[in-house]
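Listed here are the chains, written in short residue letters.
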Amino acid sequence: GQNIDQPTEMTATEGAIVQINCTYQTSGFNGLFWYQQHAGEAPTFLSYNVLDGLEEKGRFSSFLSRSKGYSYLLLKELQMKDSASYLCAVREGISGGYNKLIFGAGTRLAVHP
Amino acid sequence: DVKVTQSSRYLVKRTGEKVFLECVQDMDHENMFWYRQDPGLGLRLIYFSYDVKMKEKGDIPEGYSVSREKKERFSLILESASTNQTSMYLCASKQQNIQYFGAGTRLSVL
């Protein structure tokens with residue numbers, strides 16, 4: 001079956017580092033995405049991993065281990081504006097047909113002073 | 001800049017009404033999607049379209065239909081709205097690997 005797990009809520013302090021984990025079990029695998037969603041707004045693309053390892057983009061980094069079915073999003077030098085929900089999504093790799101995105105329920109991050 | 005526009009941010013409808021949710025993208029993308037987002041469940045795919053007049057069912061198509069008459073517009077239709085269709089509806093279009101989302105329509109069915 002399909003299952004994507006991430007923590008429901010996290011809190012962190014401004015200026016700190018936070019790691020949001022995501023584990024997945026899907027029928028196939030063809031890439032993992034992280035999106036940020038502020039309350040009442042559209043999800044916005046943060047990162048895409050298809051090979052094992054770390055992808056760094058400014059204050060945000062994303063890591064993938066395909067053998068472990070595991071990813072994390074690392075946010076450094078936290079700012080108040082980073083308070084948002086972070087969505088983990090896996091693209092299934094199915095031969096033929098459309099490779100759809102399966103989303104986790106999201107992790108709501110609260111950054112406090 | 002990528003832009004996906006949903007016509008309404010908030011809608012209130014009555015049970016049994018026919019409801020149209022509109023989505024427009026200005027990037028000439030072929031693939032467009034409709035999701036609903038409910039607390040604790042994440043985004044779930046209702047329908048998608050990979051070309052004009054083409055549509056495919058997602059994971060939860062029951063009670064919904066779609067229309068794609070022009071490339072830039074993808075409409076979600078609730079033939080007879082029910083209270084369990086109260087939700088946040090998100091439209092997206094796709095360029096290469098990345099889906100770009102609209103701001104969402106929060107629909108309440110009373």
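Residues numbered from 1 in each chain as written. Chains lettered and ligands numbered in written order. Predicted model: local features only at pLDDT ≥ 70, side-chain atom pairs only at ≥ 80, totals over all residues. Heavy atoms only, no water.

1. Some points on the state of the cysteines
Here the structure, examined in full by the defined rule, presents two disulfides over all chains. Across the disulfide from Cys22(A) sits Cys88(A); the S-S distance is 2.0 Å. Given an S-S torsion of about -70°, the disulfide between Cys22(A) and Cys88(A) has left-handed geometry. Taken together, the positions of Cys22(A) in strand 3 (residues 18-25) and Cys88(A) in strand 9 (residues 84-91) put the pair 66 residues apart, joining distant regions of the chain. No difference in accessibility class separates Cys22(A) from Cys88(A), as the two residues are buried. With a sulfur-sulfur separation of 1.9 Å, Cys23(B) is cross-linked through a disulfide to Cys91(B). Across the S-S bond of Cys23(B) and Cys91(B) the torsion is about -75°, and the bridge reads as left-handed. Of the two residues, Cys23(B) is situated in strand 3 (residues 19-25) and Cys91(B) in strand 9 (residues 87-95); the sequence distance between them amounts to 68 residues. Neither Cys23(B) nor Cys91(B) differs from the other in exposure class; each is buried. (Disulfide = S-S within 2.5 Å. Helix = DSSP H or I, 4+ residues; strand = E, 2+ residues; numbered from the N terminus. Buried < 20%, exposed > 50% of the residue type's maximum accessible area, 1.4 Å probe, protein only.)

2. Focus: the interface of chain B and chain A
Of the residues lining the interface, 19 residues belong to chain B; the matching set on chain A comes to 17 residues. Approximately 1,500 Å² of surface area, both sides summed, lies buried where chain B meets chain A, with 58% of it carried by carbon and sulfur atoms. For chain B, the biggest contributors to the area lost against chain A are Leu43(B), Asn97(B) and Phe101(B); these three give 30% of the whole. On the surface where chain B and chain A come into contact, there are one salt bridge. (Contact = heavy atoms within 4.5 Å. Buried area = accessible area lost by both parts, 1.4 Å probe. Salt bridge = Lys/Arg side-chain N within 4 Å of Asp/Glu carboxyl O.)

3. Things to note about the confidence of the model for chain A
Taken as a whole, chain A shows an average pLDDT of 92; of its residues, 94% reach a score of 70 or greater. Within chain A, strand 8 (residues 70-75) of chain A carries the highest mean pLDDT (98), whereas strand 10 (residues 101-103) of chain A carries the lowest (91). (pLDDT = per-residue confidence, 0-100.)

4. Examining the pairing of strand 10 (residues 98-101) of chain B
Residues and elements named next belong to chain B. Note that strand 9 and strand 10 share four bridges and pair antiparallel. The residue of strand 10 that forms the bridge with lysine 94 is glutamine 99. Hairpin geometry of strand 9 and strand 10 is characterised by an intervening segment of two residues between the two adjacent antiparallel strands and by a positive phi of about 55° at glutamine 96. (Pairing = 2+ DSSP bridges.)

5. Some points on the pattern of salt bridges
All names here are of chain A. By the definition in use, this model includes eleven salt bridges over all chains. Between aspartate 52 and arginine 66 there is a salt bridge, with its nearest N and O atoms 3.0 Å apart. You can see aspartate 52 sitting in the loop between strand 5 (44-49) and strand 6 (53-57) and its partner arginine 66 sitting in the loop between strand 7 (60-65) and strand 8, a full 14 residues away along the chain. The class of aspartate 52 is partly exposed, set by a relative accessible area of 44%. Assessed through its relative accessible area of 41%, arginine 66 is described here as partly exposed.

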